[in-house]
Protein chains: 4
Amino acid sequence: MSSQRKIETVERKQQLTDVALSQFALNGYHKTAVSDVVKEAGVSQGTFYWYFRSKEESALYIIEEGKKELLKVLEQGYRNEEATVEEMLLETNRLFYDFFTFAEENRNLMILLLIKGVGADTPIHKAASETFTAIEKASQRNLVRARELNLLPQNMDVSIQSTLITNMVIGTISSWLFGPNLDINYKPDVSAEKMATSAAMLGFYGITGY
Amino acid sequence: MSSQRKIETVERKQQLTDVALSQFALNGYHKTAVSDVVKEAGVSQGTFYWYFRSKEESALYIIEEGKKELLKVLEQGYRNEEATVEEMLLETNRLFYDFFTFAEENRNLMILLLIKGVGADTPIHKAASETFTAIEKASQRNLVRARELNLLPQNMDVSIQSTLITNMVIGTISSWLFGPNLDINYKPDVSAEKMATSAAMLGFYGITGY
Amino acid sequence: MSSQRKIETVERKQQLTDVALSQFALNGYHKTAVSDVVKEAGVSQGTFYWYFRSKEESALYIIEEGKKELLKVLEQGYRNEEATVEEMLLETNRLFYDFFTFAEENRNLMILLLIKGVGADTPIHKAASETFTAIEKASQRNLVRARELNLLPQNMDVSIQSTLITNMVIGTISSWLFGPNLDINYKPDVSAEKMATSAAMLGFYGITGY
Amino acid sequence: MSSQRKIETVERKQQLTDVALSQFALNGYHKTAVSDVVKEAGVSQGTFYWYFRSKEESALYIIEEGKKELLKVLEQGYRNEEATVEEMLLETNRLFYDFFTFAEENRNLMILLLIKGVGADTPIHKAASETFTAIEKASQRNLVRARELNLLPQNMDVSIQSTLITNMVIGTISSWLFGPNLDINYKPDVSAEKMATSAAMLGFYGITGY
DNA sequence: AATGAATGAGCGTTCATTCAT
DNA sequence: GATGAATGAACGCTCATTCAT
């Protein structure tokens with residue numbers, strides 16, 4: 001019977017993190033009460049505050065951890081020294097595919113990052129935004145390098161281009177994953193692969209060059 | 001003399017709407033209390049409830065009105081029967097320009113629609129999403145028609161394309177207008193015209209075809 | 001029946017003030033919960049916050065109002081231009097008598113000022129202390145004037161003297177009014193008059209000169 | 001080697017007592033959490049409860065120990081059989097001096113006894129009060145004896161006199177040691193000796209007989 | 001002796017909403 | 001139309017205390 005009681009510290013924190021994330025994702029940060037989280041986790045209110053200094057800190061922790069994982073995935077891409085546009089397209093395709101796949105496998109995190117955390121308090125939505133700023137920065141670096149390698153036209157404005165492409169991908173993830181009503185229970189009707197390819201193609205050749 | 005002081009019903013509702021919108025935009029829906037709104041408007045708590053059944057209803061009203069205006073602006077675009085890709089690009093350019101300009105002139109509305117209302121309760125962010133669903137639908141109609149006119153490749157998936165392009169534009173409006181931290185006081189450093197042209201170009205020809 | 005409901009704003013605030021004071025006096029500031037106060041007052045929790053910004057503000061309000069009343073009473077004393085030590089003693093006697101009487105008639109206030117508010121948060125016990133600082137200042141002014149009129153020895157240190165006398169009176173009020181255990185329900189066994197006379201005599205002539 | 005690290009039970013209890021006293025003195029009994037004390041002491045929450053049954057018990061222990069030490073110091077005074085008023089004054093002077101000096105050397109204890117413990121729960125401030133009741137009792141005994149020895153007028157009310165004098169000294173210690181705002185960091189600007197002499201003189205001869 | 005995770009009652013405060021006037 | 005006092009549920013958070021290890 002005592003074995004049921006004792007839980008490793010790290011497990012308990014993870015458990016609370018998981019429950020909190022799923023509730024934030026389902027109902028939003030503000031509508032999720034700490035009392036809801038602990039009720040679902042089956043612990044007392046005080047326990048939550050043993051692991052997190054505040055509700056806000058728990059959200060920041062979730063976002064920070066998620067950001068790390070997401071960036072780890074994305075940093076695998078664009079590593080090679082491409083020599084042709086086709087190679088670059090292939091790399092981009094892989095990067096986008098990894099992104100869409102990660103999003104698909106981390107629905108709760110993504111909806112918090114993309115949507116539900118956005119209406120939260122400033123520190124939280126700032127943390128969430130930073131994730132995508134990092135992505136945009138990376139995208140921009142890649143474009144600059146590609147232009148230096150003469151893989152892209154010299155007259156393009158890479159800053160705007162990377163903004164456009166990043167927002168295209170991120171926004172599309174939202175509507176692909178959560179549907180028109182941004183519903184956590186929505187089921188995508190297109191595969192991650194198809195989405196990634198379409199996004200890469202559009203980014204490279206536009207609607208006219210399909 | 002009282003006629004000078006008398007505020008018409010319609011004016012009072014508009015006043016409350018304006019104040020509420022600016023506060024929602026500044027602090028978010030949840031962090032804005034009805035008491036804050038009426039304090040700034042200089043009326044009593046009860047007055048708010050004379051004009052709106054609830055706080056939620058006031059937000060829905062704001063979004064509904066804003067949606068109407070935005071769609072009115074966007075429906076001006078894509079009206080002509082284009083015959084060439086160049087004409088179509090020009091039209092798209094104008095449409096995007098109208099969109100970016102409207103956004104620039106209605107910052108409060110846009111941040112509510114794009115960001116601050118998103119963390120709000122389900123009915124509200126549903127209403128906000130619908131605005132962009134409408135835009136995406138329109139975009140899709142145009143792509144279909146263009147394909148029928150043989151202005152675009154036949155093998156493209158218009159549904160995905162319109163999703164990608166719409167999200168590109170909408171997401172870009174967010175970061176262009178409110179910066180990386182989604183701050184209502186951020187000042188865009190690129191003109192609406194430049195943004196619109198870049199977006200249209202990218203959408204038509206991709207990064208390779210600049 | 002509606003007449004039972006409607007209460008003038010000023011009355012309600014006074015009612016809450018009275019209830020809060022009596023509970024602070026009985027149980028101390030920290031041990032008194034806002035919920036206790038409103039329960040006794042028969043109003044809802046929210047009503048308390050309609051009249052006071054916070055629990056602390058309510059205590060400060062009580063102390064501030066009490067301070068005003070106390071100082072009003074004390075400022076009646078020492079007004080005349082005494083010419084002899086005997087007249088000065090008479091005046092002091094009257095002043096002390098007013099002080100002891102006021103204390104007797106405002107037990108709740110006095111225990112808050114003297115004792116129960118002292119363990120409260122800094123702003124509150126600061127406000128309470130200020131009351132007695134004001135009294136000590138006044139006492140010192142009187143001693144200075146008396147010395148100038150040659151009613152008192154020239155070599156005395158008025159600052160220390162006024163500290164000693166003020167503390168004698170204030171401390172004595174505590175133990176006289178609330179007994180050795182500082183109990184709000186304690187009944188003094190000596191009259192205010194007798195206490196005042198004794199204090200004045202001791203202050204003027206010491207234990208040897210009785 | 002472990003004997004160098006081992007902390008004796010008695011030491012650990014003393015350490016906790018010291019830390020608790022300094023925190024009670026600094027922040028007050030109610031605002032000091034057990035978690036604060038153990039944090040500063042570098043032990044776990046549970047350890048506190050190994051040495052004390054409760055937080056309240058720890059405060060009572062501190063007060064009880066302090067009371068013992070204080071009374072030990074004060075019981076040195078008034079020991080001789082004085083024959084004249086001058087000798088009695090000298091003894092009183094020494095007693096007061098010992099009191100003021102003890103207070104100066106035990107600031108934390110005194111502020112707890114005099115001020116910060118007063119706002120605490122009834123048992124605690126009862127314990128603190130008892131200290132001063134003991135002092136008053138002793139003072140009264142001395143006055144009675146002095147009157148029996150014909151050193152003082154026969155018509156005086158020794159009960160009231162001892163109350164007045166005791167409160168004078170105790171109250172004065174507060175304001176001398178902690179200033180008008182009862183601040184633990186206040187620095188007295190008059191020596192203990194000067195204060196003691198002034199108090200003794202005032203008690204014996206009053207303001208007129210300086 | 002000592003740890004530290006866990007408890008749970010309780011607190012101060014907020015705020016959307018109601019309603020008699 | 002408008003007021004503003006009143007409500008009461010809910011929330012985030014604290015903290016003295018317990019207890020298996």
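1. What to know about the protein's contact with DNA strand F
DNA strand F sits among 34 residues. The nearest are Thr9, Thr47 and Tyr51 of chain B together with Trp50 and Tyr51 of chain C. Per the 4 Å cut-off to the protein, sugar and phosphate atoms form 68% of the nearby atoms of DNA strand F. Between DNA strand F and Arg12 of chain C, the relevant distance is 2.9 Å, taken from a phosphate oxygen to a side-chain nitrogen or oxygen of the residue. In the model, a base nitrogen of DNA strand F is placed 3.5 Å from a nitrogen or oxygen of the Gly46 of chain C main chain.

2. Some points on helix α3 (residues 34-41) of chain C
Residues and elements named next belong to chain C. Taken together, the buried positions of α3 are occupied by Val34, Val37, Val38 and Ala41. Mapping the buried residues of α3 onto a view down its axis gives an arc of 90°, with all of them on the same face. Buried residues in α3 make contact with α2 (9-27), α4 (45-51) and α5 (55-74). Gly42 occupies a position one or two residues after α3 and carries a positive phi of about 75°.

3. Details of the protein's contact with DNA strand E
Taken together, 35 residues surround DNA strand E, and among them Thr47, Trp50 and Tyr51 of chain A together with Thr47 and Tyr51 of chain D come closest. Expressed as a percentage, the sugar and phosphate content of the atoms of DNA strand E within 4 Å of the protein is 66%. Here a phosphate oxygen of DNA strand E and a side-chain polar atom of Thr47 of chain A are 2.6 Å apart. In the model, a phosphate oxygen of DNA strand E is placed 2.9 Å from a nitrogen or oxygen of the Tyr49 of chain C side chain. Tallying contributions element by element places helix α4 (residues 45-51) of chain D first for the surface near DNA strand E, with five residues. Broken down by class, the residue content of the surface near DNA strand E amounts to twelve nonpolar, 18 polar and five charged.

4. Some details on the pattern of salt bridges
Opposite charge on two side chains permits pairing when their charged atoms draw close. For the structure shown, the criterion picks out 30 salt bridges over all chains. Of the charged contacts, one joins Glu65 of chain D and Lys68 of chain D as a salt bridge, the two residues approaching to 3.1 Å between their closest N and O atoms. Here Glu65 of chain D and its partner Lys68 of chain D are both found in helix α5 (residues 55-74), three residues apart, which amounts to about one turn of the helix. Overall, Lys68 of chain D belongs to the exposed group, its relative accessible area being 54%. Salt bridges here are not isolated pairs; linked through shared partners, they connect Glu64, Lys67 and Glu130 of chain A.

5. Details of the relation of the copies chain C and chain D
For these two chains of identical sequence, chain C goes onto chain D by a turn of 179° and a shift of 0.1 Å along the axis, with RMSD 0.2 Å. What the rotation and shift describe, once combined, is the action of a two-fold rotation axis. Mapped onto chain D, 100% of the interface residues of chain C again fall at the interface, so both copies present the same surface.

6. Considerations on unusual backbone geometry
All names here are of chain A. Despite not being glycine, Leu182 shows a phi value in the positive range, around 50°. Within the secondary structure, Leu182 is located in the loop between α9 (158-178) and α10 (192-205). Owing to a relative accessible area of 15%, Leu182 belongs among the buried residues under this scheme.

7. Re the interface of chain B and chain A
Across the contact, 46 residues belong to chain B and 45 residues belong to chain A. Approximately 4,000 Å² of surface area, both sides summed, lies buried where chain B meets chain A, with 67% of it carried by carbon and sulfur atoms. Linking chain B with chain A are three salt bridges, by the criterion used here. Close ionic contact of Asp157 of chain B with Lys194 of chain A constitutes a salt bridge, the shortest N to O distance being 3.6 Å. Counting across the interface, chain B meets chain A through nine residue pairs in polar contact (both at pLDDT 80 or more). Elements with a minimum of two residues in the side of chain B that touches chain A: α6 (85-105), α7 (107-116), α8 (122-148), α9 (158-178) and α10 (192-205) of chain B. A per-class count over the side of chain B that touches chain A returns 22 nonpolar, 18 polar and six charged.

8. Structural notes on the environment of Ser162 of chain D
Position of Ser162 of chain D relative to the elements: it lies in helix α9 (residues 158-178). A sequence separation of 26 residues divides Ser162 of chain D from Glu136 of chain D, and the C-alpha atoms of the two residues are 6.1 Å apart.

9. A closer look at the domain arrangement of chain A
All names here are of chain A. Under the domain assignment, chain A is made up of domain 1 (2-55) and domain 2 (59-209). Distance between the C-alpha centres of domain 1 and domain 2: 30 Å. Each side of the interface is counted separately: domain 1 has 14 residues, and domain 2 has 13 residues. Contact between domain 1 and domain 2 buries roughly 1,100 Å² in total, counting both sides, with carbon and sulfur atoms accounting for 71%. Of all residues in domain 1, the largest losses of buried area upon contact with domain 2 belong to Leu21, Ala25 and Tyr29, amounting jointly to 44% of the total for that side. Applying the counting rule to domain 1 against domain 2 returns zero salt bridges. Here domain 1 and domain 2 share two residue pairs in polar contact (both at pLDDT 80 or more) between them. Looking at the side of domain 1 that touches domain 2 element by element, the count peaks at nine residues for helix α2 (residues 9-27). Class assignment of the residues belonging to the side of domain 1 that touches domain 2 gives a composition of seven nonpolar, five polar and two charged.

10. Focus: the interface of chain C and chain D
Taken residue by residue, the interface counts 45 residues in chain C and 46 residues in chain D. Overall, the association of chain C and chain D removes approximately 4,000 Å² of surface from exposure, summing both partners, and the carbon and sulfur fraction of that is 67%. The tally of links from chain C across to chain D stands at three salt bridges. Counting across the chain C and chain D interface gives nine residue pairs in polar contact (both at pLDDT 80 or more). At ten residues, helix α9 (residues 158-178) of chain C tops the list of elements feeding residues into the side of chain C that touches chain D. For the side of chain C that touches chain D, the per-class residue count stands at 21 nonpolar, 18 polar and six charged.

Calculation notes
Residues numbered from 1 in each chain as written. Chains lettered and ligands numbered in written order. Predicted model: local features only at pLDDT ≥ 70, side-chain atom pairs only at ≥ 80, totals over all residues. Heavy atoms only, no water. Near = heavy atom within 4 Å. Polar contact = N/O pair within 3.5 Å; in protein donor to acceptor, adjacent residues only side chain to side chain. Buried < 20%, exposed > 50% of the residue type's maximum accessible area, 1.4 Å probe, protein only. Helix = DSSP H or I, 4+ residues; strand = E, 2+ residues; numbered from the N terminus. Arc of directions from axis to C-beta. Contact = heavy atoms within 4.5 Å. Nonpolar A, V, L, I, M, F, W, Y, C, P; charged D, E, K, R; others polar. Salt bridge = Lys/Arg side-chain N within 4 Å of Asp/Glu carboxyl O. Least-squares fit on C-alpha atoms with pLDDT ≥ 70 in both. Buried area = accessible area lost by both parts, 1.4 Å probe. Domains from an automatic or database assignment.

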